[in-house]
Amino acid sequence: MALQRFVGGYARLARLPAPRPAEVVLAPLASRVCGLMDGAPVRLEGDGELRVLADADQLEQVLINLLRNALEAGGGEQVVLRWRADGGNARIEVVDRGPGPPPGDNLFVPFFTTKPGGSGIGLVLSRQIVEAQRGTLVLEPGPDGRGAVATVVLPLPVGQ
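It should be emphasised that the depicted structure is a prediction, and the values quoted were computed from it without experimental measurement.

**Student:** Tell me about the pairing of strand β6 (residues 136-141), and please be specific about residues and values.
**Tutor:** Judged from the six bridges that link them, β6 and strand β7 (residues 148-155) form a sheet pairing that is antiparallel. Bridge pairing in β7 links Pro141 to Ala148. The antiparallel pairing of β6 with β7 creates a hairpin that spans six residues between the two strands, and Gly145 there sits at a positive phi of about 85 degrees.

Below is the structure:
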């Protein structure tokens, strides 16, 4: 019965509203999301004028989820939220110093979780949101083998 309720709840969540893309300045959005992290150690790094073409509310939800995951994984260590232009796209990265993602391809499988009490839908929904906005979301080990890097790539507005 509990699983049936959970699956029903997931099905409702999975029917996301269609994104309403507009130009979004990343710096104020990142600051707002950082302010929701209850004083957690998050460092912001990025071009103050960089804009993406995205649904601001949906992108905010993705960043909240990625930052919360990173802060939980990092065990109190500082997390970095950074963004930059990369060709015709913006690259947004959330970098933590935790143990890194588990091996395998299960991270974006519904209901797979490594967290006690986790639901296993946060990354799946985040990826759905990003892909609906013509973007990508990947989670990889940190470059030095420690921690993880969640990378969101979204299109830049025309002319930026």
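**Student:** Please give an account of the environment of Val24 that cites residues and values.
**Tutor:** In this fold, Val24 is placed in strand β1 (residues 22-25). Note: C-alpha distance between Val24 and Leu53 (29 residues apart in sequence) is 6.3 Å. Other than its neighbours up to four places away in sequence, Val24 contacts Leu29, Leu50, Arg51, Val52, Ala54 and Ala56.

**Student:** Tell me what's going on with the pairing of strand β5 (residues 89-96), and back it up with residues and numbers.
**Tutor:** Where burial is concerned, most of β5 is hidden: six out of the eight residues are buried. Examined bridge by bridge, strand β4 (residues 79-86) and β5 share seven bridges and lie antiparallel to one another. The partner of Arg82 across the bridge, within β5, is Glu93. Count of turn residues in the β4/β5 antiparallel hairpin: two residues, of which Gly87 carries a positive phi of about 70 degrees. Pairing between β5 and β7: eight bridges, direction antiparallel. Within the sheet, the bridge partner assigned to Val95 lies in β7 and is Val149.

**Student:** Go over the environment of Leu44, please, and point to the residues and values.
**Tutor:** Along the chain, Leu44 falls in strand β2 (residues 42-46). What makes Leu44 partly exposed here is its relative accessible area of 30%. Here the alpha-carbon distance between Leu44 and Leu81, two residues 37 residues apart in the chain, equals 5.0 Å. In this structure, Leu44 is in contact with Ala30, Ser31, Cys34, Leu81 and Trp83, ignoring residues within four places of it in sequence.

The rules behind each value
- Residues numbered from 1 in each chain as written.
- Predicted model: local features only at pLDDT ≥ 70, side-chain atom pairs only at ≥ 80, totals over all residues.
- Heavy atoms only, no water.
- Pairing = 2+ DSSP bridges.
- Helix = DSSP H or I, 4+ residues; strand = E, 2+ residues; numbered from the N terminus.
- Contact = heavy atoms within 4.5 Å.
- Buried < 20%, exposed > 50% of the residue type's maximum accessible area, 1.4 Å probe, protein only.

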